[in-house]
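What follows is the residue order along each chain.
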Amino acid sequence: MHSSLHDASQSSLHGSDTTQQVSAVLLREHKGGLMTAVKATLERDLTLLLRRRGEVLNPLVFFALVITLFPIAISPDPELLAVIAPGLLWVAALLAALLSLDSLFRSDYDDGSLEQLLLAPQPLVALSLAKVAVHWLLTGLPLALMAPMLGIMLALPAGSYAILALSLALGTASLSLIGAIGAALTVGLARGGVLLSLLVLPLYIPVLIFGAGAVQAAIFGDGVSAHLAILGALLAASLMLAPWAIAASLRISING
Amino acid sequence: MSLCLQARQLACERDDRWLFQGLDLDIRSGEIVRIEGPNGSGKTSLLKILSGQLSDYQGELFWNGAAMNEAREHFLANLLYLGHAPGIKSGLSPLENLAWYQALSGESGNEEQRLDALEGVGLAGFEDVPAGQLSAGQQRRVALARLTLTPRALWVLDEPFTAIDRYGVADLEKQLVAHAQAGGCVLVTTHHELTASPLLRRISLG
């Protein structure tokens with residue numbers, strides 16, 4: 001083992017060889033490769049999370065538990081449950097998404113790969129967007145797919161299931177983007193969890209109102225397109241603004 | 001072609017205490033610059049300022065004659081920084097870790113290069129073991145493999161000898177000298193005594 005290390009450094013001592021290498025390095029201009037970097041970051045985060053399944057399952061289990069407990073605690077009366085179901089499902093999904101946010105940048109911060117991410121010659125905006133995309137893919141999307149099943153438990157009236165899943169899929173994407181700003185701001189703090197919730201929850205309220213509103217409207221047979229359009233608009237706005245805020249917040253946290 | 005990193009009147013304050021003040025630095029190709037000083041004297045802060053991670057300082061930085069905020073992209077494309085934490089993901093294998101670092105700089109690279117780099121730091125046979133199961137020294141070696149895998153002109157190394165055994169230390173020292181001889185530039189903090197070399201320059205803090 002040691003001899004191989006030795007050989008390698010011996011070979012790098014051949015002057016002319018390395019001179020060439022370094023002069024080639026010096027001419028290095030930053031020449032794109034953004035897609036390579038983004039794709040690699042997506043793959044890396046997906047691999048990491050899929051290897052730590054507990055972290056992925058945690059918010060889903062939380063969501064399922066909360067929804068299961070409500071009929072037991074309140075009443076199994078389908079009419080009563082149907083009234084509160086949209087709000088309940090949305091609040092529980094929102095809290096589940098919030099629960100998983102703290103770990104978004106935490107492990108990267110702890111093991112030093114976050115500072116390497118910031119020093120990469122690629123725009124941090126794109127790389128952090130890749131990280132948020134993975135978060136949504138493994139938290140928001142599963143929550144949205146799971147919600148209709150839990151809706152059955154709350155006697156959610158037929159016809160609103162598709163809207164529930166759709167509104168959650170759209171809404172959780174905004175939640176991931178907005179939440180990531182808070183996660184980036186608090187990553188340098190030892191116990192940033194509570195502060196993160198306080199920072200992020202007020203910004204979650206518009207998404208909650210229009211998300212739960214969409215399901216409510218579907219139950220009453222009103223038009224849902226207005227609610228969904230506003231959810232879409234919120235997502236578009238967060239997609240445009242949040243990545244820059246996330247990148248700036250990461251810089252601030254690393255500076256601290 | 002030569003490279004040149006300059007600092008003018010650099011000053012950094014932490015908790016109402018000046019770590020350093022009025023620091024002028026000229027770091028050019030072919031040099032190994034060792035930053036010395038007792039614990040807490042601001043070695044890591046200086047390296048972070050020089051590598052553009054900390055913005056909380058006074059003074060000016062120049063890269064090849066241009067102000068740092070204008071030349072930042074070119075600077076980052078030529079910088080390799082290894083910090084206190086090795087930046088190795090414990091859930092990924094050494095190969096996967098290196099692949100990400102290669103991709104971060106925009107190169108897709110290939111597996112053969114990465115295997116060669118790992119063999120170069122004595123980790124042949126550990127390519128697919130999750131990095132979390134490797135020892136601290138082995139994890140540091142994975143990070144050091146980036147020196148050969150992604151060649152950069154300017155190396156900024158914060159305590160690179162931590163947890164490395166003495167054979168590894170000797171080899172890494174040779175690698176630093178070879179890099180400087182080839183026209184590269186090394187900026188290093190270490191408590192380990194570096195072998196005297198005409199290329200070595202010391203800067204004392206504190």
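What you see is a predicted model, and the numbers here were worked out from it, not measured in a lab.

## Brief notes about the overall build of chain B
Item 1. Assigned secondary structure in chain B consists of six helices and nine strands.
Item 2. Over its C-alpha atoms chain B spans a radius of gyration of 17 Å, differing by no more than 12% from the 17 Å that the globule rule assigns to 206 residues.
Item 3. Seen through its principal axes, chain B has C-alpha atoms that stretch 50 × 35 × 35 Å.
Item 4. The buried share among the 206 residues of chain B stands at 48%.
Item 5. If you take every contact in chain B between residues at least 6 apart in sequence, the share linking residues at least 24 apart comes to 70%.

## Structural notes on the confidence of the model for chain B
Item 1. Residues of chain B with pLDDT of at least 70 account for 100%, and the chain-wide mean is 90.
Item 2. Among the scores for the predicted complex, ipTM is 0.90 and pTM is 0.89.

## Some details on the sheet that holds strand S4 (residues 58–63) of chain B
Residues and elements named next belong to chain B.
Item 1. Spatially, four strands are ordered S2-S1-S4-S5 in an open sheet, and the strand pairing comes out antiparallel. Each edge of the open sheet carries a strand with a single partner, namely strand S2 (17–28) and strand S5 (66–67).
Item 2. In the sheet, S4 pairs with S5 via two bridges, with the strands oriented antiparallel. Considered in S5, the bridge of Trp 63 is made with Ala 66.
Item 3. Along the sheet, helix H1 (residues 43–50) makes contact with strand S1 (4–14) and S2, crossing S1 at roughly 130°.

## Considering the domain arrangement of chain B
All names here are of chain B.
Item 1. Assigned domains of chain B: these are domain 1 (1–78 + 152–206) and domain 2 (90–151).
Item 2. Taken over C-alpha atoms, the centre of domain 1 sits 24 Å from the centre of domain 2.
Item 3. Listed per partner, the contact involves 10 residues of domain 1 and eight residues of domain 2.
Item 4. The biggest single contributor to the side of domain 1 that touches domain 2 is helix H6 (residues 166–181), with three residues.
Item 5. In terms of residue class, the side of domain 1 that touches domain 2 is built from five nonpolar, three polar and two charged.

## Brief notes about the nonpolar core
Note on soluble globular proteins: their nonpolar side chains tend to be buried together.
Item 1. Core analysis: the biggest nonpolar cluster contains 131 residues, and Leu 89, Ala 93 and Ala 147 of chain A together with Val 186 of chain B have the highest contact counts within it.
Item 2. The dominant element in this core, judged by the number of residues it contributes, is helix H9 (residues 161–186) of chain A, at 14 residues.
Item 3. Among the domains, domain 1 (1–78 + 152–206) and domain 2 (90–151) of chain B are the pair contributing at least three residues each to this core.
Item 4. For Ala 93 of chain A, the contacting residues outside a window of four places in its chain are Phe 63, Leu 143, Ala 147, Leu 168 and Thr 172 of chain A.

Reading guide: rules and limits
- Residues numbered from 1 in each chain as written.
- Chains lettered and ligands numbered in written order.
- Predicted model: local features only at pLDDT ≥ 70, side-chain atom pairs only at ≥ 80, totals over all residues.
- Helix = DSSP H or I, 4+ residues; strand = E, 2+ residues; numbered from the N terminus.
- Rg over C-alpha atoms; globule rule 2.2 N^0.38 Å.
- Buried ≥ 20, exposed ≤ 12 C-beta atoms within 10 Å, placed from the backbone.
- Contact = placed C-beta atoms within 7 Å.
- pLDDT = per-residue confidence, 0-100.
- Pairing = 2+ DSSP bridges.
- Axes fitted to C-alpha atoms, helices over the stretch in contact; angles between N-to-C directions.
- Domains from an automatic or database assignment.
- Nonpolar A, V, L, I, M, F, W, Y, C, P; charged D, E, K, R; others polar.
- Core = buried A, V, L, I, M, F, W, Y, C linked by C-beta atoms within 7 Å.

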